[in-house]
Amino acid sequence: MHKKLIKIDMERRNCKDMIHGVQGEFDVTERHTNFIVRLKDKFCDCRKWHITVLPYKHAARCIFRKKLQLEDNVDDCFNVDTYKNLYNHIVHPIAAPQMWEKRNLPELDAHMLKKEQLGHDNIKEESP
Ligand SMILES: [Zn+2]
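Please read all numbers here as calculations on a predicted model, not as lab measurements.

Caption draft 1: Structural context of the pairing of strand β2 (residues 25–30). Here strand β1 (residues 18–20) pairs with β2 via three bridges, running antiparallel. Bridged to M18 within β2 is V28. Bridge count between β2 and strand β3 (residues 33–38): six bridges; the pairing is antiparallel. Opposite D27, over in β3, you have I36 as the bridge partner. Counted along the chain from β2 to the antiparallel partner β3, the turn is two residues long, and its residue R31 has a positive phi close to 55°.

Caption draft 2: Looking closely at the sheet that holds β1. If you trace the four strands from one edge of the open sheet to the other, you get β1-β2-β3-β4, paired in antiparallel fashion. Every other strand in the sheet has two partners, leaving β1 and β4 (43–44) as the edge strands with one partner each. Along the sheet, helix α3 (residues 57–65) contacts β1, β2, β3 and β4; its crossing angle with β2, the most-contacted strand, is approximately 125°.

Caption draft 3: Spotlight on α3. Among the nine residues that make up α3, seven are buried, leaving the element largely enclosed by the rest of the structure. All buried positions along α3 are accounted for by K57, H58, A59, A60, R61, C62 and I63. In the segment just after α3, K67 is the residue with positive phi, at about 60°.

Caption draft 4: Layout of the nonpolar core. Core analysis: the largest hydrophobic core is formed by 14 residues, its most contacted members being V28, V37, C44, Y56, A59 and C62. For this core, the element with the highest residue contribution is α3, accounting for four residues. C44 has contacts with F35, V37, W49, Y56, H58 and A59, leaving out every residue within four places of it along the chain.

Caption draft 5: Inspection of the environment of H2 at higher detail. Here H2 lies in helix α1 (residues 2–11). Taking C-alpha positions, H2 is 8.5 Å from E71, a pair spaced 69 residues apart along the chain.

What counts and what doesn't
- Residues numbered from 1 in each chain as written.
- Predicted model: local features only at pLDDT ≥ 70, side-chain atom pairs only at ≥ 80, totals over all residues.
- Pairing = 2+ DSSP bridges.
- Helix = DSSP H or I, 4+ residues; strand = E, 2+ residues; numbered from the N terminus.
- Contact = placed C-beta atoms within 7 Å.
- Axes fitted to C-alpha atoms, helices over the stretch in contact; angles between N-to-C directions.
- Buried ≥ 20, exposed ≤ 12 C-beta atoms within 10 Å, placed from the backbone.
- Core = buried A, V, L, I, M, F, W, Y, C linked by C-beta atoms within 7 Å.

Given below as structure tokens:
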């Protein structure tokens with residue numbers, strides 16, 4: 001992740017002219033193409049920010065101009081706390097069937113079903 005951000009930071013230097021609009025909206029020019037960047041919406045015309053969820057060089061140029069940190073504009077899915085919360089829950093162990101509470105429901109037993117009940121299409125013929 002850190003290496004990707006360093007690469008993006010290097011690439012943003014290829015973006016030249018930039019017009020700062022209102023409320024975090026920018027017009028960034030790279031070669032002969034201009035891109036509209038809206039930092040608040042994490043949007044750029046090239047759509048790479050939307051696809052990779054990382055601010056691309058056009059957005060990085062704007063972030064640098066506003067003296068913000070690139071890391072602070074990365075999606076929460078890359079956050080360490082998000083990762084820890086994702087694996088915070090455990091799968092609880094299941095008690096042995098003998099320890100289960102008895103109920104007045106019919107027991108399911110797949111071996112009790114006969115071939116006729118399963119239907120011909122569901123039966124796999126054993127090869128000789
Ligand atoms: Zn872009």
